[in-house]
Amino acid sequence: MIESPLCRDESARLQALDALAILDTEPEERYDRITHIAKQLFNVPIALISLVDRNRQWFKSRQGLADEELPRNVSFCGHTLNQDDLLYISDTLKDPRFFDNPLVTGHPHIRFYLGAPLRLKDNLRIGTLCVVDVVPREISPPQSQALRFLADIVEVELQSLQMAHMVALCHRADSYLQAIWNNAPSGIITMSCDGIVQALNPAAAQILGSNANQGIGSHFSSLLIEPYRSTFRHLNNRSNDFSALIDGEHEVEAKKSNGKVISLLLSISAASINEERIFVALFSDATQRKTLEAQQRLHADQLEAANRDLESFSYFVAHDLRAPIRHINGFVDALEYDYGSSLDVSGRDLLSRIRKCGKQMGQHVEDLLRLARVTREPLQKAKLNLSKTINAYLVEKCAEDPGRKLTSNITENIVVTADPRLITLVLTNLIDNAWKYTDPAKTTEITFTAQTKDDEIVCCLGDNGVGFDMKDAKRVFTLFERLQPEAGVPGIGIGLSICSRIIERHGGRIWAESEPGVGTRFYFSLPLPPPSD
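Residues numbered from 1 in each chain as written. Predicted model: local features only at pLDDT ≥ 70, side-chain atom pairs only at ≥ 80, totals over all residues. Heavy atoms only, no water.

(A) Quick look at the pairing of strand S10 (residues 261–273). In this sheet, S10 lies alongside strand S9 (residues 249–255) in antiparallel orientation, the contact comprising 7 bridges. Residue pairing in the sheet places Glu251 in a bridge with Leu265 of S10. Linking S9 back to S10 in an antiparallel pair, the connection comprises 5 residues, with Gly259 at a positive phi of about 95°. Summarising the sheet, S10 and strand S11 (residues 276–285) pair through 10 bridges and their orientation is antiparallel. Directly across from Leu264, in S11, lies its bridge partner Asp285. Connecting S10 to the antiparallel partner S11 that follows it, the hairpin turn spans 2 residues, and Asn274 within it adopts a positive phi of roughly 50°. (Pairing = 2+ DSSP bridges. Helix = DSSP H or I, 4+ residues; strand = E, 2+ residues; numbered from the N terminus.)

Below, the structure written as C-alpha cells:
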C-alpha cells in the first residue's frame, strides 16, 4: 500500500479547515442532499463528503457507510487532494497504490473510486466528494463532469461558510472600530476628499467645545483661526498643496465655542475606502501630547486594519464567489443542452436539482452582497406607496407559486418618505419570510396596517405562519440566525438582518411579536418628514 503524501500547502490547508469549525458537527441537509444525488446519479452503494484532517478523514455527509471517520494513512481521499482534477480508479486491485489497501482487502471492500477535490479560497483543498462501489466500474467523461459539477456545489457551500466567518469577523471589527471611535482620548475628524467635515468623535467635540458639531458640512479649515485657516484651505484632493498638509504633525490654533483659543497638535492622513479617498484628522491639546502619542498611533493602525478587512471582504464576495456559481449554472445548462436528450426522467430530475442548488447558492451570495451594500450606500429618499408595493409583490409571488392560496388585507395608500429601493427590500424580505414559514397546504394570510405615533409612522405586516416563541425574539434579526433550521426552509438567516439594518439606517425601529402555530407580526417605524416636506 502506498500512503498519500502530504499536500504542499498542508499547514495552510489545515488552518483553513480548522477555521471553518465544521469538523465533528451534526449532519446537514444541504450536504446530505448532494451525496444523495451523487449516490443515485452513479448508482453506487456509497457516496461521501470527506474532510481530510491531520490524521483522519471525517465524513461531513455519508450515504451507505456507517463509519463517521477513517484513518488518513489508508484513505483514498488523501491521494485525491494531490490531484489537479478527479481521481478515477476503475479497479483498485489493478492499481499498485491500492490493491493491498485495508479498505480494499477488508471493509468496505472498495473496488471502484471516483473523487473530486474540494477547494476553498486560494485553491486550498480540504476534502473530497467521492463515490465508491464494491465492484469495478467504467465511467464516461460526462459522468466525471457530473461529479465535478456536484463538487462545485459543495465548494460553494463550504466557501459560503467561509464567507460567513469573514462576515462575523468584519462585524466584530466594525464593533471594535466603533468602540475606538467613541472612547479614543484623541479628537478624530473624518472629511471628504474636498476637506468637508463629515463626523467628529466625542473627544473632538469635547476638545473644541459643545458647539463643535456645527462644523459638520463645513470645510475643516473653518474650525481653525488665522493664519492656520488659510493654510488648511488647500486640504482637498484637487489642490497641488494638500500633500504638504498630510505630511507630519502640525501645531495649530483653534477657538472653542466659549471663545477660548487652544493649541492643537494635529496630524492628517489620507485613506481610501472602496476607492473613495477621505481625510482623517487626529488631534489633541498640546499639553496632552506626550501622554497620548502612543495611543494615537495605535488607534490609527487599528482604523486602517479594520478598513482593510472590510475592503477584503467586499472584494471576496464580489469576485471570488460569484464566478464559480455562474460557472456551475452555465455548466448545468451546457450539460442539459448536450446530453439532456440522452438522460432518463430520473437523470433530468437530478439535473434540475443541481440547477436549483446552484441558483440557491447564487441567491445566498446576492443576499450577502445586499447586506454589505445596505450598510454603505447613501440613502436616496423619496415618497413611496407601501400599499401598492406590497400588492404588486403579492401578485408576483402568486404567479411564481400558483398552487398557493392567498388572502390579503392591505390598508390602502400608506405612504412614507424613505429610500424606495431599500424599503422595498424590507417589504419583500418580510413577505418572503411569511411565505416560507406558512404551510403551503393552508391559505396564506397577509395583513398590512399602519398608524402615526408622534413623529413616526409604525407599520405592521402580519402572517399566519408557524410563528416562534417570544423568548427567541431578540435572535430574529441576528445575522445568520435561523430559529427553525430543521424546517427545511431555504436561506442562511440574512433577510431579517438586512431589514433591521435598513430600518436602523432610516432612524427607525423594527421588532416582532409572534405565537407558535398562530403567526407573526413584524413592526417597523420610520421617522415622519418635517412639515415642509
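(B) Broad picture of unusual backbone geometry. Here the bond from His107 into Pro108 is cis, since omega is 5°, no more than 30 degrees from zero. When you line up the elements, Pro108 lands in the loop between helix H4 (102–105) and strand S5 (112–119). Residues other than glycine seldom take positive phi values, yet Ala21 does so here, at roughly 55°. Mapped onto the elements of the fold, Ala21 is located in the loop between helix H1 (10–20) and helix H2 (29–42). Located in the positive-phi region is Asn43, a residue other than glycine, with phi close to 55°. Tracing the backbone through its elements, the reader meets Asn43 in the loop between H2 and strand S1 (46–52).

(C) Looking closely at the packing of helix H11 (residues 386–400) against helix H12 (residues 420–436). One way to put it is that H11 packs onto H12 with a least axis distance of 10 Å and a crossing angle of 45°. Of the possible angle classes, the one that applies to H11 and H12 is oblique. In the crossing of H11 with H12, the sense of the turn from one axis to the other is right-handed. Together, Leu386, Thr389, Ile390, Tyr393, Leu394, Lys397 and Cys398 of H11 and Ile423, Thr424, Leu427, Thr428, Ile431, Asp432 and Trp435 of H12 make up the contact between the two elements. Here the residues of the contact of H11 with H12 sort into 9 nonpolar, 3 polar and 2 charged. (Axes fitted to C-alpha atoms, helices over the stretch in contact; angles between N-to-C directions. Parallel < 35°, antiparallel > 145°, perpendicular 65-115°, else oblique. Left-handed = near helix turned anticlockwise from the far one by under 90°. Contact = heavy atoms within 4.5 Å. Nonpolar A, V, L, I, M, F, W, Y, C, P; charged D, E, K, R; others polar.)

(D) Inspection of the nonpolar core at higher detail. If you look at the biggest cluster of nonpolar residues, it comprises 44 residues, and the most contacted ones within it are Leu129, Val131 and Leu158. If we skip the residues at most four places from it in the chain, Val131 touches Ala38, Phe42, Val44, Ile46, Ala47, Phe112, Tyr113, Leu114 and Leu147. If you look at the next biggest cluster of nonpolar residues, it comprises 36 residues, including Ile414, Leu430, Ile431 and Ile446. (Core = buried A, V, L, I, M, F, W, Y, C linked by side-chain atoms within 4.5 Å. Buried < 20%, exposed > 50% of the residue type's maximum accessible area, 1.4 Å probe, protein only.)

(E) Examining the side chain of Asn101 more closely. Structurally, the position occupied by Asn101 is in the loop between strand S4 (87–89) and H4. When its relative accessible area of 1% is taken as the criterion, Asn101 is described as buried. Those residues in contact with Asn101 that lie beyond four places of it in its chain are Met1, Val74 and Phe76.

(F) Representation of the sheet that holds S9 within the structure. With antiparallel pairing, 5 strands are arranged side by side in an open sheet as S8-S7-S11-S10-S9. Taken across any chain shown, the strands that pair with only one partner, and hence form the sheet edges, are strand S8 (197–200) and S9. Shown here is a sheet whose adjacent strand axes are inclined to one another by a mean of 35°, direction ignored. Where strand S7 (residues 187–191) meets S11, 5 bridges bridge the pair, whose relative direction is antiparallel.

(G) Structural view of the packing of aromatic side chains. Taken as a whole and judged by the stated rule, the model has 4 aromatic pairs. Judged by centre distance (4.2 Å) and plane angle (10°), the rings of Phe76 and Phe98 are stacked. Taken as a pair, Phe76 in the loop between strand S3 (69–71) and helix H3 (77–80) and Phe98 in the loop between S4 and H4 lie far apart in primary sequence, 22 residues in all. Of the two residues, Phe76 and Phe98, both sit in the buried class. Ring centres of Phe76 and Tyr113 lie 5.2 Å apart, and the angle between their planes is 40°; this geometry places the pair in the tilted category. With Phe76 in the loop between S3 and H3 and Tyr113 in strand S5, this pair connects stretches of sequence that are 37 residues apart. Taken as a pair, Phe76 and Tyr113 share a single burial class, namely buried. Through a chain of ring-to-ring contacts, three or more aromatic side chains come together here, namely Phe76, Phe98 and Tyr113. Seen from the ring of Phe112, Arg137 lies directly overhead, with NZ or CZ sitting 5.4 Å from the centre. (Phe/Tyr/Trp six-rings, centres within 6.5 Å; stacked < 30°, edge-to-face > 60°. Lys NZ or Arg CZ within 6 Å of the ring centre and 35° of its normal.)

Limitation: the analysis is restricted to geometry and does not speak to function.
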